[in-house]
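Next come the chains, spelled out residue by residue.
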Amino acid sequence: MGLISGMVIGMLLGIALMAAMKKAMMYRSIKRISKAVDIAVLGDLDRDDLKKLCADNYPEWISFPLFEQVKWLNKQLSKMWPFVATAASMVIKESVEPLLEQYRPTGITSLKFSKLFLGNVAPKIEGIRIQSLKKGQIIMDLDLRWGGDPSIILAVQTLGPSLPIQVNVIVLPPFKLKDLKVFTVVRVIFQLAEDIPCISAVVVALLSEPKPKIDYTLKAIGGSLTAMPGLSDMVEDTVDSIVSDTLQWPHRIVVPIGGVPVDISELELRPQGRLKVTVVRANSLKNMEMIGKSDPYVVLYVRVIFKVKTKVVDNNLNPEWNETFDLDVEDKETQALVLEVFDKDEVGQDKKLGVVKYLLADLEPEKLKDLTLQLLSSLDTLKVRDKKDRGTITLKVHYHEYSKEEQLRAFEEEQKLLEARKTLKEAGIISSSVDALDGAVSLVGSGVGLVGSGLGAVGSGIGKASRFMGKNISNQFGHSSKKNMKPILENGSAK
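Residues numbered from 1 in each chain as written. Predicted model: local features only at pLDDT ≥ 70, side-chain atom pairs only at ≥ 80, totals over all residues. Heavy atoms only, no water.

1. So, the overall build of the protein chain
Secondary structure summary: the protein chain contains six helices and 18 strands in total. Each of the 495 residues in the protein chain was classed as buried or not, and the buried ones make up 42%. Sequence separation of 24 or more characterises 67% of the internal contacts of the protein chain that already satisfy a separation of 6 or more. As presented, the protein chain carries roughly 27900 Å² of accessible surface, and 59% of it is formed by carbon and sulfur atoms. (Helix = DSSP H or I, 4+ residues; strand = E, 2+ residues; numbered from the N terminus. Buried < 20%, exposed > 50% of the residue type's maximum accessible area, 1.4 Å probe, protein only. Contact = heavy atoms within 4.5 Å. Areas by Shrake-Rupley, 256 points an atom, 1.4 Å probe, with all protein chains shown as cover.)

2. Side note on the sheet that holds strand β15 (residues 351–359)
One open sheet holds the four strands; their spatial order is β12-β11-β14-β15, and the pairing between them is antiparallel. The open sheet terminates on both sides in strands that have one partner only, identified here as β12 (308–309) and β15. By the bridge criterion, eight bridges tie strand β14 (residues 336–343) to β15 in an arrangement that is antiparallel. From the neighbouring strand, L339 faces β15, where its bridge partner is V356. (Pairing = 2+ DSSP bridges.)

3. Side note on a nonpolar patch on the surface
A surface patch of nonpolar side chains, amounting to about 260 Å² of accessible area, comprises V204, I253, V255 and I257. Within the secondary structure, I253 sits in strand β9 (residues 253–256). On the basis of relative accessibility, which here comes to 40%, the residue I253 falls in the partly exposed class. (Patch = residues over 30% accessible without salt bridge, like charges linked within 9 Å, V, L, I, M, F, W, Y side chains within 5 Å. Salt bridge = Lys/Arg side-chain N within 4 Å of Asp/Glu carboxyl O.)

4. Examining helix α3 (residues 71–103)
Spacing of three or four residues puts side chains on the same side of an α-helix, whose turn is 3.6 residues. Across its 33 residues, α3 extends only 37 Å between first and last C-alpha, which sits more than 12% below the 48 Å expected from 1.5 Å per residue. Of all the bends in α3, the greatest, near 60°, is centred on W81, and the proline P82 appears no more than four residues after it. Burial in α3 covers these residues: N74, L77, W81, A85, S89, L100 and Y103. (Expected span 1.5 Å × (residues − 1). Bend = angle between axes of the 7 residues up to and from the residue.)

5. A look at a negative patch on the surface
A contiguous patch of negative charge, built from D233, D237, D240 and D380, is present on the exposed surface. Examined against the element boundaries, D237 turns out to sit in helix α4 (residues 231–247). (Lys, Arg positive; Asp, Glu negative; His and termini not counted. Charge placed at Lys NZ, Arg CZ, Asp CG, Glu CD.)

6. Quick notes on the packing of α3 against α4
Packing of α3 against α4 brings their axes to within 10 Å, and their N-to-C directions diverge by 110°. With respect to their mutual orientation, α3 and α4 come out roughly perpendicular. Mapping the contact onto sequence places L99, L100 and Y103 in α3 and T238, S241, I242, D245 and T246 in α4. Its residues assigned to classes, the contact of α3 with α4 shows four nonpolar, three polar and one charged. (Axes fitted to C-alpha atoms, helices over the stretch in contact; angles between N-to-C directions. Parallel < 35°, antiparallel > 145°, perpendicular 65-115°, else oblique. Nonpolar A, V, L, I, M, F, W, Y, C, P; charged D, E, K, R; others polar.)

Spelled out as structure tokens, the structure:
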């Protein structure tokens, strides 16, 4: 009897235990499903949604990475780099040397690579993101970091005075670029096609935000940088001009792929609008003269290669110009208007009185806007040493968005101007893109004073250029109002 009752009680306890375990498992399963649903819902929330839900209790440790890590790609790149570096070194030398020649300042007569090798350390791709998906295109951004060991040596020649009064070519000691570091985001656009290899063209550019950062140290080999004061600044300005004017978005490099002729006109950079700028006046400019007052003028541009300038106002710290210029704009959302105020010097280097940059994204199309901008000593905040007030500049700006027909006409005119400038350069009348202002341009932004001794020769060449072109050289790249156009005399002065 006791055995039977024990078995019954045991069975009942076993059934109860199994029922309790089943209920617990069902409860845990429901909890897991509920949590998975909650996680899925949270996974669909973006940063703004979470801030709305959490308000001030938004946890700082939550992050939304914009770039996906690609460790596998970096491993493959490291293996391929010895072969890539050799081939890329030759391609870069062939493609960059013409740009150095085009953008070099007037004080330098020759700027070439005597040696270029990208080294043994491969760049690192921190991450990749697909920026947007458009029909027929794949747009990809690569977060690139490179602290390599390249061997880059520059051969530099410059102009210098000698006695009797003449200009000689000075061959400086070669200069080596050391401690090169590159931090940038590269945009790559693949234009898709129906035929193998399914890609008809590739577009490459550096994003303007965050701004590409290229750090390096320039060291003379067997000599001293003091052999030519300001050389480091001149090389740095040249590199910055090349990057911002040819590689930085919206500027881009378009490479057809596949060996089959394709239409890449839609991928090329084209003017999207016209910016009409009236330089009205400046107030309270800094005086750079020991005797008398500064003789200010303004250089303005959206692209470095299309600079224009105002007339010089003599002996005045509150000058008025009231000159109007038209500048083409390729991308209003990313480009900016830059204005540099200089003090004209008849003998030495033109001194920079101040500079300012205005983002075009703040403009509304077809609306005239009055601006009064504070001048700075430099656009690079890390280089701002002089905190003193440099005065203000007053402008009137108007942005007009081109129609398709206007875009085509502006693009064709731009190409004609570039070809005309190339002809002048081959003829030896102008020496670089910064010469495309007027007789005073030989000193603008050059960073050296010894070029001043060759001003007469340069002015003479610019005078010949004006007769060759049949118009003022200062208006080659940018369409200045006719009332402001002054013919250039043989000595480079305006009549």
